[in-house]
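Each chain, written out:
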Amino acid sequence: MVSKSLNIGIIGAGIGGLALAIALKQKGQRVTIFEKSKFFQNIGSGLQISPNGMKVLRELGLEQTVEKLALKTESILLKNGFNGKTVGKIPLGLNAKQRFSANFFQIHRADLIEVLVAELKRLKIKLRMDTIARVKKSLSISRKPIVIHEKKESEFDVIIGADGIHSLTRLKCFNAKKPKFLRQVAYRGTVPIIDVPSLFLEPSVQIFLGPGMHVVCYPLPNRSLVNFIFCKEQASWLSDGWSIPGKKQEVINLFQKFEPLKSTMEKLSVIHKWGLFGYENMDNWVSGRIVLMGDACHPMLPYLSQGANQALEDALSLSHYLSSQLTGTCEDRLRLYFLNRANRVSRVQTASMRNAWAYHLRNPVGRPLAHLGLKTITHNAPNFLLSRFDWLYGYENNFGL
């Protein structure tokens with residue numbers, strides 16, 4: 001049997017780790033988070049929270065707080081990157097609310113982190129910043145895993161690796177390989193709202209499509225910024241890290257044929273260049289009483305904007321199995337979490353890869369035909385494109401019941 005109150009350690013204070021800590025604490029568990037950064041930096045860019053993610057925040061009691069800092073997404077506009085003409089439109093807004101029982105939102109990553117940290121403090125959850133923590137399996141009869149931190153060892157009933165794409169927990173405890181480069185890079189930057197043309201200010205996600213590349217942009221009014229993500233295919237990644245400072249001129253040169261974006265690219269500031277990495281699918285995220293979540297076990301291309309949303313789903317699922325009145329050991333419950341989540345995230349990963357292909361069509365004949373098809377669908381069946389993702393956005397986790 002699992003005790004009603006567990007002592008749980010979480011490695012990593014990203015969106016997934018913070019949401020998990022809150023969910024566990026709300027269910028009566030004891031939680032400690034270890035984060036290697038000294039403080040939560042006001043960096044990063046925007047992210048999209050889709051209805052499946054908003055419903056997790058609703059469960060945590062944070063939906064309304066997040067909505068006050070975010071912008072409701074009214075539509076997704078698919079555009080020809082060369083001339084800016086709209087080739088497809090996916091209506092969201094009230095349509096999404098009625099279809100999925102929640103809205104789509106755009107928010108700065110720092111704003112979402114601030115909401116989660118504020119709730120963390122309200123619940124008096126232990127948070128150890130500036131702490132490099134390593135996990136090891138225990139050889140004791142209790143089989144409880146250990147976190148090594150600040151020359152000390154702390155034993156926990158369960159340890160969760162929420163430490164991202166370059167997870168040390170994954171490397172050390174699962175005998176796993178390092179992530180591989182997926183031949184995609186993203187340049188992320190922002191432009192002050194006062195410096196962009198009005199077309200970038202509407203409450204929509206705009207996706208400018210081109211051969212082997214695309215650009216995503218949307219406003220973040222709470223920060224008076226417009227968020228831009230420039231994505232392209234690239235054969236190799238030579239840097240030792242997965243994120244390096246980007247150069248504005250490099251973005252301008254690569255996307256020089258995207259006429260609607262030319263003047264705005266000149267205004268870009270604080271550009272980061274990200275190599276997009278992934279793993280070969282793992283057949284298990286559980287090793288004894290150690291378990292992985294989020295990018296530590298299922299990173300995905302950002303072309304469905306599901307990284308943060310799937311981490312939120314993980315948090316709700318994992319907190320359920322560790323806290324509900326189920327029989328069995330901790331290991332049994334962690335295994336149920338894996339079985340609950342694995343097929344779904346695999347499907348999301350596949351759909352994200354498919355979007356990469358669809359956005360980056362290179363064939364000079366196929367691209368115009370595809371755009372014509374999008375126009376026809378938008379005109380004759382405006383909800384068709386969104387309906388293809390009912391399985392994603394309308395998701396309600398019944399935890400296998």
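Worth saying up front: this structure is predicted, and the values here are computed from it rather than measured.

## Concerning the sheet that holds strand S10 (residues 146-149)
And step 1. Strands sit in the order S9-S10-S11 across an open sheet of 3 strands; the sheet is antiparallel. At either margin of the open sheet sits one strand with a lone partner, and together these are strand S9 (133-136) and strand S11 (152-155). Direction aside, the axes of adjacent strands within the sheet are offset by 25° on average.
And step 2. Taken together, the 4 bridges between S9 and S10 define a ladder with antiparallel strand orientation.

## Quick look at helix H1 (residues 15-26)
And step 1. The terminal C-alpha atoms of H1 lie 17 Å apart, and with 12 residues this matches the ideal 16 Å at 1.5 Å per residue to within 8%.
And step 2. Counting buried residues in H1 gives 10 out of 12 residues, a clear majority hidden from the surface.
And step 3. Those residues of H1 that fall on the buried side of the exposure criterion are Ile15, Gly16, Gly17, Leu18, Ala19, Leu20, Ala21, Ile22, Ala23 and Leu24.
And step 4. In this structure, the buried residues of H1 make contact with strand S1 (7-11), strand S2 (30-34), strand S3 (46-49), helix H5 (109-122), strand S12 (158-161) and helix H9 (307-323).
And step 5. Gly28 occupies a position one or two residues after H1 and carries a positive phi of about 90°.

## Some points on the packing of aromatic side chains
And step 1. Scanning all chains against the criterion turns up 17 aromatic pairs.
And step 2. Arranged with centres 6.0 Å apart and planes meeting at 35°, the rings of Phe181 and Trp237 form a pair that is tilted. Pair noted here: Phe181 is in strand S13 (residues 180-192) and Trp237 is in the loop between strand S16 (225-233) and strand S17 (243-245), with a separation of 56 residues, a long-range link. Assigned by exposure class, Phe181 and Trp237 land together as buried.
And step 3. Among the aromatic residues, those joined into a cluster by ring pairs are Phe82, Phe200, Phe208, Phe228, Phe230, Phe255 and Phe258.

## Re the side chain of Glu35
And step 1. Along the chain, the position of Glu35 falls in the loop between S2 and S3.
And step 2. Comment: no salt bridge for buried Glu35; closest opposite-charge side chain is Lys36, at 6.5 Å.
And step 3. Among the polar contacts listed, one links the side chain of Glu35 to the side chain of Ser37, at a separation of 3.0 Å.
And step 4. Aside from chain neighbours lying at most four places away, what touches Glu35 is Gly12, Ala13, Arg128, Met129, Asp130 and Thr131.

## So, the pattern of salt bridges
And step 1. Inspection of the entire model under this criterion finds 16 salt bridges.
And step 2. Ionic pairing is found between Arg344 and Glu313, a salt bridge with its closest N-O pair at 2.7 Å. Here Arg344, found in helix H10 (residues 330-359), pairs with Glu313, found in helix H9; they are 31 residues apart in sequence, far enough to count as distant.
And step 3. Since its relative accessible area comes to 10%, Arg344 is described here as buried.
And step 4. Because the salt bridges share partners, they merge into one network encompassing Glu313, Asp314, Arg341 and Arg344.

Scoring rules and cut-offs
Sequence order as written defines the numbering, with residues in each chain counted from 1. Confidence filtering applies because this is a predicted model: local features only for residues at pLDDT of at least 70, side-chain atom pairs given and counted only at 80 or more, and all residues used for totals across whole chains, interfaces and linings. Water and hydrogen atoms were dropped before computing side-chain values, which therefore reflect all heavy atoms in the structure. When DSSP finds two or more bridges between two strands, those strands count as paired. By the criteria applied, helices consist of DSSP H or I runs no shorter than four residues and strands consist of E runs no shorter than two, each listed in order from the N terminus. Orientation is described by axes fitted as lines to C-alpha atoms, over the contacting stretch for helices, and by angles from 0 to 180 degrees between their N-to-C directions. In this scheme, a helix's expected span is set at 1.5 Å multiplied by one less than its residue total. To sort residues, take the accessible area from a 1.4 Å probe on protein chains only and compare it with the maximum for the residue type: under 20% means buried, over 50% means exposed, and anything in between is partly exposed. Note on contacts: a residue pair is in contact if any heavy atoms of the two residues lie within 4.5 Å. Stacked, edge-to-face and tilted are the three classes for Phe, Tyr and Trp ring pairs, Trp counted by its six-membered ring, which pair at centre distances within 6.5 Å; planes under 30 degrees apart are stacked, over 60 edge-to-face, the rest tilted. Neither His nor the chain ends contribute to the count of charged residues, in which Lys and Arg are positive and Asp and Glu negative. Only one rule defines a salt bridge in this text: a Lys or Arg side-chain nitrogen within 4 Å of an Asp or Glu carboxyl oxygen. For the purposes of these results, a polar contact is taken to be a pair of N or O atoms within 3.5 Å, where, inside protein, one atom must be able to donate a hydrogen and its partner to accept one; residues adjacent in sequence count only when each atom of the pair is a side-chain atom.

Taken by themselves, the reported measurements are silent on function.
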